[in-house]
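Residues per chain, in single letters:
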There are 2 protein chains.
Amino acid sequence: MSPQLTEFFEFLRIPSVSTDSKYRDDVRSCADWLINKFTSMGLTPEMHETPGHPVVIARSETKADRPTVLIYGHYDVQPVDPVNEWETDPFEPTLKGNKIYCRGATDNKGQHFAHMLGVEETLKEHGDLPVNVVFLLEGEEEIGSPNLAPFLEQHRESLACDICAVSDTGMIGPGIPTLTYGLRGIACLDFKIHGPSLDLHSGVYGGAVPNPATIVSRIISSLHDEKEIIQIPAFYDSVTPLETWERDMWASLPDGNATTLKETGAAGLLGEAGYTALEQRWGRPTAEVNGVGGGYQGEGSKTVIPREAMAKLSFRLVPEQEPEEILELASTHLKKHCPDSCRIEIELGHHGPAYVMDPHSSYGQAAQRALERAFSDKPRLIREGGSIPIIQSVKDIIGVDTLLLGLALPDCQIHAPNENFTVTNFEAGIRLNRALLEELRN
Amino acid sequence: MSPQLTEFFEFLRIPSVSTDSKYRDDVRSCADWLINKFTSMGLTPEMHETPGHPVVIARSETKADRPTVLIYGHYDVQPVDPVNEWETDPFEPTLKGNKIYCRGATDNKGQHFAHMLGVEETLKEHGDLPVNVVFLLEGEEEIGSPNLAPFLEQHRESLACDICAVSDTGMIGPGIPTLTYGLRGIACLDFKIHGPSLDLHSGVYGGAVPNPATIVSRIISSLHDEKEIIQIPAFYDSVTPLETWERDMWASLPDGNATTLKETGAAGLLGEAGYTALEQRWGRPTAEVNGVGGGYQGEGSKTVIPREAMAKLSFRLVPEQEPEEILELASTHLKKHCPDSCRIEIELGHHGPAYVMDPHSSYGQAAQRALERAFSDKPRLIREGGSIPIIQSVKDIIGVDTLLLGLALPDCQIHAPNENFTVTNFEAGIRLNRALLEELRN
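Please read these numbers as outputs of a predicted model, since none were measured by experiment.

### Quick look at the overall build of chain A
Phase 1 of the analysis: Scanning chain A from terminus to terminus reveals 12 helices and 18 strands.
Phase 2 of the analysis: Here chain A has a C-alpha radius of gyration of 24 Å; the compact-globule value for 442 residues is 22 Å, and the two agree.
Phase 3 of the analysis: By its C-alpha atoms, chain A is 85 × 50 × 45 Å across when sized along the principal axes.
Phase 4 of the analysis: Taking contacts inside chain A between residues at least 6 apart in sequence as the whole, the part at least 24 apart equals 77%.

Below, the structure is given as structure tokens:
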């Protein structure tokens, strides 16, 4: 085994589960391990305490005449439950064929450690880097990065940079270099329908009074028409339409409809008419029910008219939808569809805008060239459907775009048992970092 | 306090909670108490064991030349939870003004004990009854009478009679004699919508795959139109329309719309267009959601597309709707509204037809005369919205109609804390029994 892999395994063995206080010391050991590694690489590390787990910063030599690249990653990992579904010890990295099995292998230790090794190789070979590099590795990504935005605010100046690079997204498939240039935003709300003042006997009163479970269902049903087009007035008004090059690019990818069916196990697709599954997932906004509940949900029957029922909605947003405006439009729509015989209660939840950067900008083109050099194939330009709030924080606070250079493969099992990272991608990641820093040189 | 009230209190003190095995011996003591009471009244009691709690039968002298009246009641009571909401000890009968507070006071000890005392008075005064009487008192009504239908089957011959009388329904208001001549039937089903094979990230996949929570809501929403008319094809085909005399009679009762609002605490009514609240509750069929659930229902947010969602429906039925046919029509409708991208699973539940008897038949007229004599007012003829499966069993197995001569007042709090029965109704019940047996004489 190569010394680089041996070192990676050492890093992987530290069970840095951020959500479980049982692993608190391990998370700290992991930060210590990084500090030592950065020191031995020739970077200047800093350990920053937060109300939670520490942030590790490491800086290369800084020269004024070259750009500064911020490389973000997170050294904390997801819990390993259900542990009995793992085929190997979740914290004993195991090489089987081309795959390294371990919690954190892909998400995110493997991906940012490849960048670290790329920097180490360049420094060893050239004694210097083509750009200034600042690593920013947090220990709380898997618990929602509660202390990261405040940290960025506080260190705005010392983290000043020209571009950010993150490997924490997916690749279309093995060997296919992928630049993610957009993420959807999100806006959440819960609503509750109040009807009778108590649960009623559905025999005694049924037929004459509003049933909140029915009303909630009708309101949910009012969100889309039969073409799955969202019916909230003005919902699409500020949506940036997909550009032709994007639709062409996505159409050239491995069949997204088939992939979506296979990955979800659904019997069929169901989405906005006129768009492919990838367009629906990456480039179009949604109105989804994340939860609905009311009345009796146990075994057998209980013939009540429930006094209340609720639903949890989340909207995925695309540029240039404003999350707060969407929540306002949605609230107005929900209220309009609540009959006078009931009362609606709406609670607004977390929200953040969509993120998009221009993959044809000079930074975007540099990223594409680096990807092509690392993988010897033309990079595919995609967006992703989820939200990465950190990217927006970097944009808002540090004021720079982020290059999302994912190394996660579709079957890498992040957040699940048997998480794995291929040796191929580990090595490609090292090449990617070297190429990227060169391409970002002035 | 009168000896009759003293004796009633003795009966009430026995905590015959059928659902809780802790009270098993008390339920038995209650049956024993009834056996003794029937003996002392001059009737011939029988204790019948069942797989659950015993059935108590008591017969008067039987003469071939007069009709036989079966009087049904139940000596078991509901649990007393939440016990701290009682203002008095739930099993220590307490007289406050005109009201006797105790669990079982109205439901059903007070109501059937009044009938027993009526028989006792008649026997004391005349040494004989105008008709043959058979009391049938079960100890499992509050747990769904699991052993009653088999018992009726088994004792079909010895329970042969001409008419059944039951006081276990409601009065329109204090002093207003009420004959209930119809009850709605019921048909229940659960359905589940299966979508993706696992809970999905609503960011990654949202917009392209079916969301079972949304689909369940749409299916529920398809049950009614904007006039609250049920949209299941053929649902109303066998409904017997309300007759003019019924609508007139119900329109003459204290304002049903206002009463329904007051009793339910709803901000407004919502029911089938063209009918009053009482007509909707007593004479029209319904499609109600008793429960709906899917996805995340806890605090905060979890942005999933749930793999499945479910709903529990119950249909209240009116003459001549066939429960099994309604379940079939409903299932067809639900299946039709499930998109191809999902799979629907339907589980049929319990069901029973509506019950109706002619209040203008000779038995119905006798009941009306008896009510008028007991309360000195013209009886109101109503139906009720709930179902009493026992009544249908008596009809199906014994082959006779039941006179539902309710003594329960709107504020008697059955199944709730502070259950009570008025002394007025206790005494009226005794008079009612005496008048009824006389009116049912050949």
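After presenting the structure, the write-up continues.
### Overview of the domain arrangement of chain A
Residue and element names in this part refer to chain A.
Phase 1 of the analysis: Partitioning chain A into structural domains gives domain 1 (3–183 + 354–439) and domain 2 (185–239 + 285–352).
Phase 2 of the analysis: Taking the mean C-alpha position of each, domain 1 and domain 2 sit 39 Å from one another.
Phase 3 of the analysis: Taken together, the six residues of domain 1 in the interface contact eight residues of domain 2.
Phase 4 of the analysis: Split into classes, the residues belonging to the side of domain 1 that touches domain 2 amount to three nonpolar, three polar and no charged.

### Considering the environment of Arg281 of chain A
Phase 1 of the analysis: Looking at the element boundaries, Arg281 of chain A is found in helix 8 (residues 277–282).
Phase 2 of the analysis: Arg281 of chain A sits 210 residues away from Ile71 of chain A along the chain, and the two C-alpha atoms are 27 Å apart.
Phase 3 of the analysis: Setting aside chain neighbours within four positions, we find Arg281 of chain A in contact with Thr260 and Gly385 of chain A together with Val204, Tyr205, Gly207 and Ala208 of chain B.

### Regarding the sheet that holds strand 13 (residues 308–317) of chain B
Remark on secondary structure: sheet strands pair via backbone hydrogen bonds, oriented parallel or antiparallel.
Phase 1 of the analysis: Spatially, eight strands are ordered 14(A)-9(A)-13(A)-11(A)-11(B)-13(B)-9(B)-14(B) in an open sheet, and the strand pairing comes out antiparallel. Each edge of the sheet is formed by a strand with only one pairing partner; in this case those strands are strand 14 (343–352) of chain A together with strand 14 (343–352) of chain B. When strand polarity is set aside, the average angle formed by the axes of neighbouring strands in this sheet is 20°.

### Some thoughts on unusual backbone geometry
Residue and element names in this part refer to chain B.
Phase 1 of the analysis: Asp81 connects to Pro82 through a cis peptide bond whose omega is -10°.
Phase 2 of the analysis: Topologically, Pro82 is positioned in the loop between strand 3 (68–74) and strand 4 (94–96).
Phase 3 of the analysis: With an omega of 5°, the peptide bond between Asp107 and Asn108 qualifies as cis.
Phase 4 of the analysis: With respect to the helices and strands, the residue Asn108 is situated in helix 3 (residues 105–126).
Phase 5 of the analysis: Notably, Ala234 is not glycine yet its phi reads approximately 70°, a positive angle.
Phase 6 of the analysis: Looking at the secondary structure, you find Ala234 in the loop between helix 5 (212–221) and helix 6 (244–251).

### Some remarks on the relation of the copies chain B and chain A
Phase 1 of the analysis: When chain B is fitted onto chain A, the two copies agree to an RMSD of 0.1 Å after a turn of 180° and an axial shift of 0.0 Å. One copy is carried onto the other by what is essentially a two-fold rotation axis.
Phase 2 of the analysis: Interface residue correspondence from chain B to chain A reaches 100%, placing this contact among same-surface, isologous pairings.

### Side note on the nonpolar core
Phase 1 of the analysis: Of all hydrophobic cores here, the largest spans 257 residues; its most connected members are Val69 and Val216 of chain A together with Val69 and Val216 of chain B.
Phase 2 of the analysis: In contact with Val69 of chain B, not counting residues within four places along its chain, are Val131, Asn132, Val133, Cys161, Asp162, Ile163, Ala165, Leu437 and Leu440 of chain B.

### As for helix 7 (residues 256–264) of chain A
Phase 1 of the analysis: Listing the buried residues of helix 7 of chain A in full gives Gly256, Thr260 and Thr264 of chain A. Seen end-on, helix 7 of chain A carries its buried residues on one side only, within an arc spanning 55°. Helix 7 of chain A presents Ala258 and Lys262 of chain A as exposed residues on the side facing more than 90 degrees away from its buried surface.
Phase 2 of the analysis: In the core, the buried residues of helix 7 of chain A are packed alongside helix 6 (244–251) and helix 8 of chain A together with strand 10 (200–201) of chain B.

### Here's the deal with the interface of chain B and chain A
Phase 1 of the analysis: Contacts between the two partners involve 69 residues from chain B and, on the opposite side, 69 residues from chain A.
Phase 2 of the analysis: Take the side of chain B that touches chain A: its biggest share by element is nine residues, from strand 11 (residues 286–295) of chain B.
Phase 3 of the analysis: Residue composition of the side of chain B that touches chain A, by class: 25 nonpolar, 33 polar and 11 charged.
Phase 4 of the analysis: Sheet topology note: the strand 11 (residues 286–295) of chain A/strand 11 of chain B ladder contains five bridges and is antiparallel. Along strand 11 of chain B, the bridge assignment pairs Val292 of chain A with Gly294 of chain B.

### Let's talk about the sheet that holds strand 4 of chain B
Residue and element names in this part refer to chain B.
Phase 1 of the analysis: Across the sheet, which stays open at both edges, the three strands sit in the order 4-5-18 with antiparallel pairing between neighbours. Looking at which strands have only one partner, the edges of the open sheet turn out to be strand 4 and strand 18 (420–422). Each adjacent strand pair in this sheet contributes to an overall mean axis angle of 30°, direction not counted.
Phase 2 of the analysis: With three bridges connecting them, strand 5 (residues 99–101) and strand 18 associate as antiparallel partners. Bridge pairing in strand 18 links Ile100 to Phe421.

### Details of the pairing of strand 16 (residues 380–384) of chain A
Regular strands have side chains that alternate between both faces of the sheet.
All names here are of chain A.
Phase 1 of the analysis: Judged by how many residues are buried, strand 16 sits mostly within the fold: five of five residues are covered.
Phase 2 of the analysis: Neither face of strand 16 is exposed, since Arg380, Ile382 and Glu384 on one face and Leu381 and Arg383 on the opposite face are all buried.
Phase 3 of the analysis: Of the strand pairs in this sheet, strand 8 (residues 178–183) and strand 16 are connected by five bridges, and their pairing is parallel. Residue pairing for strand 16: Thr180 is matched across the bridge by Ile382.

### With respect to the pairing of strand 7 (residues 163–166) of chain A
All names here are of chain A.
Phase 1 of the analysis: Burial of strand 7 is two-sided: the residues Ile163 and Ala165 facing one way and the residues Cys164 and Val166 facing the other way are all buried.
Phase 2 of the analysis: The sheet contact formed by strand 3 (residues 68–74) and strand 7 spans four bridges and is parallel. Bridging from a neighbouring strand, Ile71 pairs with Ala165 of strand 7.

### Here's the deal with the packing of helix 5 (residues 212–221) of chain A against helix 5 of chain B
Phase 1 of the analysis: Relative orientation of the contacting elements helix 5 of chain A and helix 5 of chain B amounts to 110°, with a least axis distance of 8 Å. The angle between helix 5 of chain A and helix 5 of chain B places the two elements in the roughly perpendicular class. Between helix 5 of chain A and helix 5 of chain B the crossing geometry is left-handed. Judged by residue contacts, Thr214, Ser217, Arg218, Ile220 and Ser221 of chain A of helix 5 of chain A engage Thr214, Ser217, Arg218, Ile220 and Ser221 of chain B from helix 5 of chain B.
Phase 2 of the analysis: Looking at the contact of helix 5 of chain A with helix 5 of chain B residue by residue, the class counts come to two nonpolar, six polar and two charged.

### A short note on helix 1 (residues 3–13) of chain B
All names here are of chain B.
Phase 1 of the analysis: Among the residues of helix 1, Phe8, Phe11 and Leu12 are the ones counted as buried. Buried residues along helix 1 cover an arc of 100° about the axis, so they all sit on one side. Projecting away from the buried face of helix 1 at angles above 90 degrees are the exposed residues Pro3, Thr6 and Glu10.
Phase 2 of the analysis: Its buried side turned inward, helix 1 meets helix 2 (24–41), helix 3 and helix 12 (423–439).

### A short note on the confidence of the model for chain A
Phase 1 of the analysis: Overall, the predicted model of chain A reaches an average pLDDT of 97, with 100% of residues at or above 70.
Phase 2 of the analysis: Across the interface, the model reports ipTM at 0.91; the global pTM reads 0.90.

### A short note on the environment of Phe113 of chain B
Residue and element names in this part refer to chain B.
Phase 1 of the analysis: Here Phe113 lies in helix 3.
Phase 2 of the analysis: Exposure remark for Phe113: the 27 C-beta atoms within 10 Å place this residue in the buried category.
Phase 3 of the analysis: Sequence-wise, Phe113 and His351 are 238 residues apart; in three dimensions their C-alpha atoms are separated by 31 Å.
Phase 4 of the analysis: If sequence neighbours within four positions are ignored, Phe113 has contacts with Phe8 and Phe11.

### Side note on the environment of Thr106 of chain A
Phase 1 of the analysis: Position of Thr106 of chain A among the secondary structure elements: in helix 3 (residues 105–126).
Phase 2 of the analysis: With 165 residues separating them along the chain, Thr106 of chain A and Gly271 of chain A place their C-alpha atoms 30 Å apart.

Reading the values: the criteria
Residues numbered from 1 in each chain as written. Chains lettered and ligands numbered in written order. Predicted model: local features only at pLDDT ≥ 70, side-chain atom pairs only at ≥ 80, totals over all residues. Helix = DSSP H or I, 4+ residues; strand = E, 2+ residues; numbered from the N terminus. Rg over C-alpha atoms; globule rule 2.2 N^0.38 Å. Contact = placed C-beta atoms within 7 Å. Domains from an automatic or database assignment. Nonpolar A, V, L, I, M, F, W, Y, C, P; charged D, E, K, R; others polar. Pairing = 2+ DSSP bridges. Axes fitted to C-alpha atoms, helices over the stretch in contact; angles between N-to-C directions. Least-squares fit on C-alpha atoms with pLDDT ≥ 70 in both. Core = buried A, V, L, I, M, F, W, Y, C linked by C-beta atoms within 7 Å. Buried ≥ 20, exposed ≤ 12 C-beta atoms within 10 Å, placed from the backbone. Arc of directions from axis to C-beta. Parallel < 35°, antiparallel > 145°, perpendicular 65-115°, else oblique. Left-handed = near helix turned anticlockwise from the far one by under 90°. pLDDT = per-residue confidence, 0-100.

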